[in-house]
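Observations on chain architecture
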Amino acid sequence: SVLLYQKPNRDICQSGTSLKIQCVADSQVVSMFWYQQFQEQSLMLMATANEGSEATYESGFTKDKFPISRPNLTFSTLTVNNARPGDSSIYFCSSSEGVGTEVFFGKGTRLTVV
Amino acid sequence: GDSVTQTEGLVTLTKGLPVMLNCTYQTTYSPFLFWYVQHLNEAPKLLLKSSTDNKRTEHQGFYATLHKSSSSFHLQKSSVQLSDSALYFCALRGSGGSNAKLTFGKGTKLSVKS
C-alpha cells in the first residue's frame, strides 16, 4: 500500500489569492492524481501528475487555474490560482502502484474561499 | 469514454436489514471495478475490487460479483449496521497502463437508523 501525506489539512483563503497543496508519498509511485470533491458529491479527476513533465488535465480543469508540479516520484503540488468561492471543496491527491491495483488517497485538503 | 452509473442517491435503512447498492458501467476495455467507502470527513477507502467475471469478492461483510455480461458490480450486505452509514462509490479503471484513470460514479449515501 501507499501512504500519502497532504498539507495543509484545511485552509481558508481570500478570493483572488492562490493556495498551494502538497502531497508526499511514502514510497515512489508511478501514478499520481488529483481529485476535487464538493460536499457529499462524487470525486472528479482533475489531472494526472506526470513526473518531470506537464500534467494531463481533464475537461473543465486548466493548467492556468490549477498548475500541478511533480518533480519526482514521491512528491506533487497542486496550486489553486485566483481562488473563487466556487473552488471551495476538498482536494485529494491519490496514487496507485499499477493498472489493476487500488487507488490510495491522501486525507484531503478542505479549502474554503471567502 | 468510461462511465459508471449508480442509480440510488440516498438509501435509508433500519439496522439489521439487507442492502444492495447498484452499479453499472461502460468501458471499451477490460474493466477493473472497485467499491470505495467514505465516512464523514474522511478520505475514500477501498472496500472491494474485482476484475474476474462471475466471482464473488467479500470484505467486512460486504460482497459484490462482477458480471461482465450485464456490466454490473452491485454491492450487497446481508445485515447493515449503524457504522455502515457512509458514502459509497463505485469506480472503474479501464485500460491505459499505470496512468489509467479511476472513474467514479455519483455515489450513494447509505443512512442506517436504529
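Residues numbered from 1 in each chain as written. Chains lettered and ligands numbered in written order. Predicted model: local features only at pLDDT ≥ 70, side-chain atom pairs only at ≥ 80, totals over all residues. Heavy atoms only, no water.

Section: the state of the cysteines
- Inspection of the entire model under this criterion finds two disulfides over all chains.
- A sulfur-sulfur separation of 2.0 Å characterises the disulfide bridge that pairs Cys-23 of chain A with Cys-93 of chain A. Its torsion about the S-S bond being 65°, the disulfide of Cys-23 of chain A and Cys-93 of chain A is classed as right-handed. Taken together, the residues span a long stretch of sequence, with Cys-23 of chain A in strand 3 (residues 19-25) and Cys-93 of chain A in strand 9 (residues 89-96) at a distance of 70 residues. Cys-93 of chain A shares its class with Cys-23 of chain A; the two are buried.
- Two residues, Cys-23 of chain B and Cys-90 of chain B, share a disulfide whose sulfurs are 1.9 Å apart. Disulfide Cys-23 of chain B to Cys-90 of chain B: torsion about the S-S bond roughly -60°, handedness left-handed. (Disulfide = S-S within 2.5 Å. Helix = DSSP H or I, 4+ residues; strand = E, 2+ residues; numbered from the N terminus. Buried < 20%, exposed > 50% of the residue type's maximum accessible area, 1.4 Å probe, protein only.)

Points about the interface of chain B and chain A
- On the chain A side, the residues contacting the 25 residues of chain B number 25 residues.
- For the pair chain B and chain A, the number of links is one salt bridge.
- A salt bridge links Glu-40 of chain A to Lys-109 of chain B; its shortest N-O distance comes to 3.3 Å.
- Seen at the junction of chain B and chain A, the total is seven residue pairs in polar contact (both at pLDDT 80 or more).
- Among the elements of the structure, strand 5 (32-38), strand 6 (45-50), strand 10 (86-93) and strand 11 (102-104) of chain B are those that each provide at least two residues to the side of chain B that touches chain A.
- Among the elements that line the side of chain B that touches chain A, the one with the most residues is strand 5 of chain B, at four residues.
- By residue class, the composition of the side of chain B that touches chain A is 12 nonpolar, seven polar and six charged. (Contact = heavy atoms within 4.5 Å. Salt bridge = Lys/Arg side-chain N within 4 Å of Asp/Glu carboxyl O. Polar contact = N/O pair within 3.5 Å; in protein donor to acceptor, adjacent residues only side chain to side chain. Nonpolar A, V, L, I, M, F, W, Y, C, P; charged D, E, K, R; others polar.)

Some remarks on the sheet that holds strand 9 (residues 75-77) of chain B
Residues and elements named next belong to chain B.
- Overall, antiparallel pairing links the four strands, which are arranged 3-9-8-7 in an open sheet. The two strands at the open ends of the sheet, each matched to only one other strand, are strand 3 (19-21) and strand 7 (56-59). On average, adjacent strands in this sheet sit at an angle of 20° to one another, irrespective of strand direction. (Pairing = 2+ DSSP bridges. Axes fitted to C-alpha atoms, helices over the stretch in contact; angles between N-to-C directions.)

Quick notes on the packing of aromatic side chains
- Tallied over the full model, the rule gives 11 aromatic pairs over all chains.
- Their ring planes at 85° and their centres at 5.7 Å tell us that Phe-105 of chain A and Tyr-36 of chain B sit as a pair that is edge-to-face. Here Phe-105 of chain A, found in strand 10 (residues 103-105), pairs with Tyr-36 of chain B, found in strand 5, and the two come from separate chains. For the pair shown, Phe-105 of chain A and Tyr-36 of chain B are each scored as buried.
- Of note, Lys-65 of chain A hangs over the ring of Phe-66 of chain A, and the distance from its end group to the ring centre comes to 5.9 Å. (Phe/Tyr/Trp six-rings, centres within 6.5 Å; stacked < 30°, edge-to-face > 60°. Lys NZ or Arg CZ within 6 Å of the ring centre and 35° of its normal.)

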